[in-house]
Amino acid sequence: MKLKWLFAPLSLIIATTAFAHEDVKNPTVKARMMAMSNIAGQMKTLGGMAKGAVAFDLEQAKAALAEIEKTAKTVPALFKDNETDPKSEALPAIWSNYADFTAKSYAMTSAAANALTSFASQDDLVPSMQALGGSCKGCHSAYRK
Ligand code: HEC
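Residues numbered from 1 in each chain as written. Predicted model: local features only at pLDDT ≥ 70, side-chain atom pairs only at ≥ 80, totals over all residues. Heavy atoms only, no water.

*Asks:* For this particular structure, what's the right way to read the nonpolar core?
*Replies:* Soluble globular proteins tend to pack their nonpolar side chains together in the buried interior. Judged by nonpolar contacts, the single largest core of 29 residues is most densely connected at Met43, Leu46, Ile68 and Leu132. Elements with a minimum of two residues in this core: α2 (27–51), α3 (58–78), α4 (93–96), α5 (98–118) and α6 (125–143). Ranked by residues supplied to this core, first place goes to α6 with 7 residues. If we skip the residues at most four places from it in the chain, leucine 132 touches Met43, Leu65, Ile68, Met108, Ala111 and Ala112. (Core = buried A, V, L, I, M, F, W, Y, C linked by side-chain atoms within 4.5 Å. Buried < 20%, exposed > 50% of the residue type's maximum accessible area, 1.4 Å probe, protein only. Helix = DSSP H or I, 4+ residues; strand = E, 2+ residues; numbered from the N terminus. Contact = heavy atoms within 4.5 Å.)

Given below as structure tokens:
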């Protein structure tokens, strides 16, 4: 399938550690993991529509993007304190490069916001997901184990 190049790497981002936060003791770590899981869940909704596994629904797609934008805005604060947990995959580099981490988080927020400003049809799914997927990867490759 033509979209495979997009979905193969993306499903890795989305699925690798689904529910890894289940037995996390540190509430700060758990909160940030749950925010990430929420973002990944919205990406899954968009991906399902892009692949045709789920019928396209404009309002639902926009709601998913809006939820990503809203949650992305909370990421800098969720990661502000250098908290850890045996289950955490966050790298210590976050707290020695916090400004850069914040910038990478902002890239996700603006990818969602930009996608929303012009989102009008099914054709907008793939470019939106590409832009968002780039922002996930940009941060994970630097700051996630
Ligand atoms: C600004 C940096 C940053 C951005 C942008 C980012 N992530 Fe993350 N993500 C992290 C870090 C750091 C962790 C590890 C958190 C931990 O384990 O303490 C993480 C963890 C995750 C997890 C695992 C959650 C869990 O329950 O363990 C998923 C899933 C995830 N991210 C999906 C995404 C998706 C999808 C995107 C893009 C739409 C994204 N992330 C964008 C930094 C980021």
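Back to the write-up after that little detour.
*Asks:* Explain the site of the ligand here, please?
*Replies:* Near the ligand you find 28 residues, and of these His21, Met36, Cys136, Cys139 and His140 are the closest. A distance of 2.9 Å separates an oxygen atom of the ligand from a polar atom in the side chain of arginine 32. Interatomic distance of 3.2 Å between a side-chain N/O atom of serine 37 and an oxygen atom of the ligand. Within the residue set of the shell around the ligand, elements represented by two or more residues are α1 (4–15), α2, α5 and α6. With 8 residues, the single largest contributor to the shell around the ligand is α2. Grouping the constituent residues of the shell around the ligand by class yields 17 nonpolar, 7 polar and 4 charged. (Near = heavy atom within 4 Å. Polar contact = N/O pair within 3.5 Å; in protein donor to acceptor, adjacent residues only side chain to side chain. Nonpolar A, V, L, I, M, F, W, Y, C, P; charged D, E, K, R; others polar.)

*Asks:* I keep staring at the packing of α2 against α6 and nothing clicks. Help me out?
*Replies:* Packed helix pairs are characterised by how far apart their axes lie and by the angle those axes make with each other. The interhelical angle for the contact between α2 and α6, taken along N-to-C directions, is 150°, at an axis separation of 10 Å. Taken together, the axes of α2 and α6 lie roughly antiparallel to each other. Classified by chirality, the crossing of α6 by α2 is left-handed. Where α2 approaches α6, its residues Met36, Met43, Leu46, Gly47, Met49 and Ala50 are matched on the opposing element by Leu125, Val126, Met129, Leu132, Gly133, Cys136 and His140. (Axes fitted to C-alpha atoms, helices over the stretch in contact; angles between N-to-C directions. Parallel < 35°, antiparallel > 145°, perpendicular 65-115°, else oblique. Left-handed = near helix turned anticlockwise from the far one by under 90°.)

The analysis is restricted to geometry; functional conclusions fall outside its scope.
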